[in-house]
Amino acid sequence: MSTPADTAGRTPRIVRTAAELSAAIARAIEFNAPEQGTATLGLVPTMGALHSGHESLVSTARAHNDVLVVSIFVNELQFNDAQDFARYPRTLEADVEILARAGADIVFAPQASTVYPDGRPLIKIDSGELGSKFEGASRPGHFDGMLAVVAKLLHFAMPPATLGVPVSYRAYFGQKDAQQLVLINRMVADLNYPVEICSVPIIRSAEGLALSSRNQFLTAEQAKAALVIHRALSLVKERAERHEPLYLEDAAGLFEMEPLVELDYFELVDPRTLQELAFNCQDTPFTGEGLLLVAARVGEVRLIDNMPLGY
Ligand SMILES: Nc1ncnc2c1ncn2[C@@H]1O[C@H](COP(=O)(O)OP(=O)(O)OP(=O)(O)O)[C@@H](O)[C@H]1O
Ligand SMILES: CC(C)(CO)[C@@H](O)C(=O)[O-]
Ligand code: BAL
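As the structure is a prediction and not an experimental result, all values here were calculated from the model.

### Some details on the packing of aromatic side chains
Inference 1: Per the stated rule, a full pass over the model turns up six aromatic pairs.
Inference 2: Measuring from centroid to centroid gives 6.4 Å for Phe73 and Tyr116, while their planes differ by 50 degrees, and the two rings are tilted. Of this pair, Phe73 sits in the loop between β3 (67-72) and α4 (82-86) while Tyr116 sits in the loop between α6 (112-115) and α7 (135-138), and the two are 43 residues apart along the sequence. Side by side, Phe73 and Tyr116 carry an identical accessibility label, which is buried.
Inference 3: Centroid distance Phe134 to Tyr265: 5.0 Å. Interplanar angle 55 degrees. Geometry classified as tilted.

Printed below as a string of structure tokens:
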């Protein structure tokens, strides 16, 4: 198996089309597969503008797989706001340098015409009720568009069946996008994708802000104000750890003291179903498992974050 030490610094192969990707995967598996047993292939889907959060996904996937593919594609279908799509940062050259250091074997950077040769797909994946709440309520169509591209990326990078080597296939996603992760797990289960979905914890700045490609649009003052998100999550987590009532309302109330930050939602949900848990107003201590979800707008930038409770 390749390790970060023996692949780091090697320029990954950059491929643009489905045929190039399949050929590159076949060659890489041939070259890196163990002499006996099952080879492993990891896929890390991204939209580029890579930061340490992505690097954590890539280094986790690198450590666990013989062959590592990272995709970079800014998927217009998941943007409900044309301006957000137009200004999404695109930094391919710098991304490839980061991926060389992190030891990726292959970078798949397709054109939109490769992913959607007939334009918008006629047949859609419907993210259902789960995709219309929280982020889906603020970004209509976002999750259907996200699932469309993830379904396609999982197919593009699927190990070719003709290799003569058994290959186990994994794809890696960040826990920062908690609703996305739940939906991808459901899609893979509901549509029988032969892939294991692996999740990687949130990487934050030293002050606690969850890293995101869109953070670069924040002014220093906005970035400082945005730390209220982590303060509010941490306050509730500390109460849960002390087995105290959570009083979500007063954690959410911290946002009123930050005029630059407009709270969208602050909810405690079941981590698997994202059903709201009714702990808001009760005076009883929290037991069980929960996931605190938060989204807020800071200027033009929408930020999301979350924190597991009771794990
Ligand atoms: N801070 C982070 N910690 C862990 N994983 C992350 C982090 N930020 C992004 N990821 C994960 O990286 C993958 C690619 O995400 P993406 O390219 O959309 O980056 P992003 O920083 O989330 O961008 P943005 O939030 O601006 O869309 C996703 O699986 C996402 O969950
Ligand atoms: C999974 C993904 C790469 C699909 O475009 C995107 O939603 C993201 O980066 O989280
Ligand atoms: N990281 C989620 C991708 C998006 O915001 O569209």
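### Here's the deal with the UniProt feature "binding site: (R)-pantoate" (unreviewed entry) in the protein chain
Inference 1: The feature "binding site: (R)-pantoate" (unreviewed entry), as annotated in UniProt, sits at Gln78 and Gln180 in this numbering. A maximum C-alpha distance of 11.4 Å is found for the annotated residues, which run over 103 residues; spatially they form one tight group.
Inference 2: Of note, Gln78 is situated in the loop between β3 and α4.
Inference 3: Not counting residues within four places of it along the chain, the set of residues in contact with Gln78 comprises Met47, Arg139, His142, Gly145, Met146 and Val149.
Inference 4: Along the chain, the position of Gln180 falls in helix α9 (residues 178-190).
Inference 5: The exposure class assigned to Gln180 is buried, which follows from its relative accessible area of 17%.

### As for the sheet that holds strand β8 (residues 290-298)
Inference 1: Read across the open sheet, the three strands follow the order β7-β8-β9; overall the sheet is antiparallel. On the outer flanks of this sheet lie β7 (261-269) and β9 (301-309), each paired with one strand and no other. Mean inter-strand twist for the sheet, computed between neighbouring axes without regard to direction, equals 15 degrees.
Inference 2: Here β8 pairs with β9 via nine bridges, running antiparallel. Bridge pairing in β9 links Val298 to Val301.
Inference 3: Running at roughly 15 degrees to β9, helix α11 (residues 228-241) makes contact with β7, β8 and β9 of the sheet.

### Some words on α9
Inference 1: Between the first and last C-alpha of α9 there are 18 Å, a value that for 13 residues agrees with the 18 Å anticipated at 1.5 Å per step.
Inference 2: Within the span of α9, buried status applies to Ala178, Gln179, Gln180, Leu181, Val182, Leu183, Ile184, Met187 and Val188.
Inference 3: Residues of α9 that are buried make contact with α7, α8 (142-156), β5 (167-174), β6 (196-200), β8 and β9.
Inference 4: One or two residues past the end of α9 sits Asn192, with phi positive at roughly 55 degrees.

### So, the site of ligand 2
Inference 1: Around ligand 2, the neighbouring residues are Pro45, Thr46, Met47, Gln78, Met146, Val149, Val150, Phe173 and Gln180.
Inference 2: Within the contact set of ligand 2, an oxygen atom lies 2.7 Å away from a side-chain nitrogen or oxygen of Gln78.
Inference 3: In the model, an oxygen atom of ligand 2 is placed 2.7 Å from a nitrogen or oxygen of the Gln180 side chain.
Inference 4: Considered on its own, ligand 2 offers 290 Å² of accessible surface; in the complex 89% of this is hidden by protein.
Inference 5: Among the secondary structure elements, those contributing two or more residues to the shell around ligand 2 are β2 (39-46) and α8.
Inference 6: Examining the composition of the shell around ligand 2, we find that three residues originate from one element, α8, more than from any other.
Inference 7: Here the residues of the shell around ligand 2 are counted per class, giving six nonpolar, three polar and no charged.

### Observations concerning the packing of α8 against α9
Inference 1: Two elements in contact, α8 and α9, have axes separated by 11 Å at closest approach and are oriented at 55 degrees. Considering the angle they form, α8 stands oblique to α9. The interaxial crossing formed by α8 with α9 has right-handed handedness. Of α9, the residues touching α8 (which contributes Phe143, Met146, Leu147, Val150, Ala151 and Leu154) are Gln179, Gln180, Leu183, Ile184, Met187 and Val188.
Inference 2: Among the residues making up the contact of α8 with α9, the classes are represented as ten nonpolar, two polar and no charged.

### Thoughts on the sheet that holds strand β1 (residues 13-15)
Backbone hydrogen bonds hold the strands of a sheet together, and the pairing may be parallel or antiparallel.
Inference 1: What the six strands build is an open sheet, ordered β1-β4-β3-β2-β5-β6; its pairing is parallel. Looking at strand neighbours, the two that pair on one side only are β1 and β6, the edges of this open sheet. The average angle at which neighbouring strand axes cross in this sheet is 25 degrees, direction not considered.
Inference 2: As paired strands, β2 and β5 are joined by five bridges and run parallel to one another. Directly across from Thr40, in β5, lies its bridge partner Ser168.

### A closer look at the pairing of β5
Residues in a regular strand point their side chains to alternate faces of the sheet.
Inference 1: Sheet topology note: the β5/β6 ladder contains five bridges and is parallel. The residue bridging Gly174 from the neighbouring strand is Val200, located in β6.
Inference 2: Read as a crossover between parallel neighbours, the route from β5 over α9 to β6 is right-handed.

Conventions and cut-offs
Residues numbered from 1 in each chain as written. Chains lettered and ligands numbered in written order. Predicted model: local features only at pLDDT ≥ 70, side-chain atom pairs only at ≥ 80, totals over all residues. Heavy atoms only, no water. Phe/Tyr/Trp six-rings, centres within 6.5 Å; stacked < 30°, edge-to-face > 60°. Helix = DSSP H or I, 4+ residues; strand = E, 2+ residues; numbered from the N terminus. Buried < 20%, exposed > 50% of the residue type's maximum accessible area, 1.4 Å probe, protein only. UniProt positions renumbered as here; feature names shortened; annotations may be inferred. Contact = heavy atoms within 4.5 Å. Pairing = 2+ DSSP bridges. Axes fitted to C-alpha atoms, helices over the stretch in contact; angles between N-to-C directions. Expected span 1.5 Å × (residues − 1). Near = heavy atom within 4 Å. Polar contact = N/O pair within 3.5 Å; in protein donor to acceptor, adjacent residues only side chain to side chain. Areas by Shrake-Rupley, 256 points an atom, 1.4 Å probe, with all protein chains shown as cover. Nonpolar A, V, L, I, M, F, W, Y, C, P; charged D, E, K, R; others polar. Parallel < 35°, antiparallel > 145°, perpendicular 65-115°, else oblique. Left-handed = near helix turned anticlockwise from the far one by under 90°. Right-handed = clockwise from strand over helix to strand, strands pointing away.

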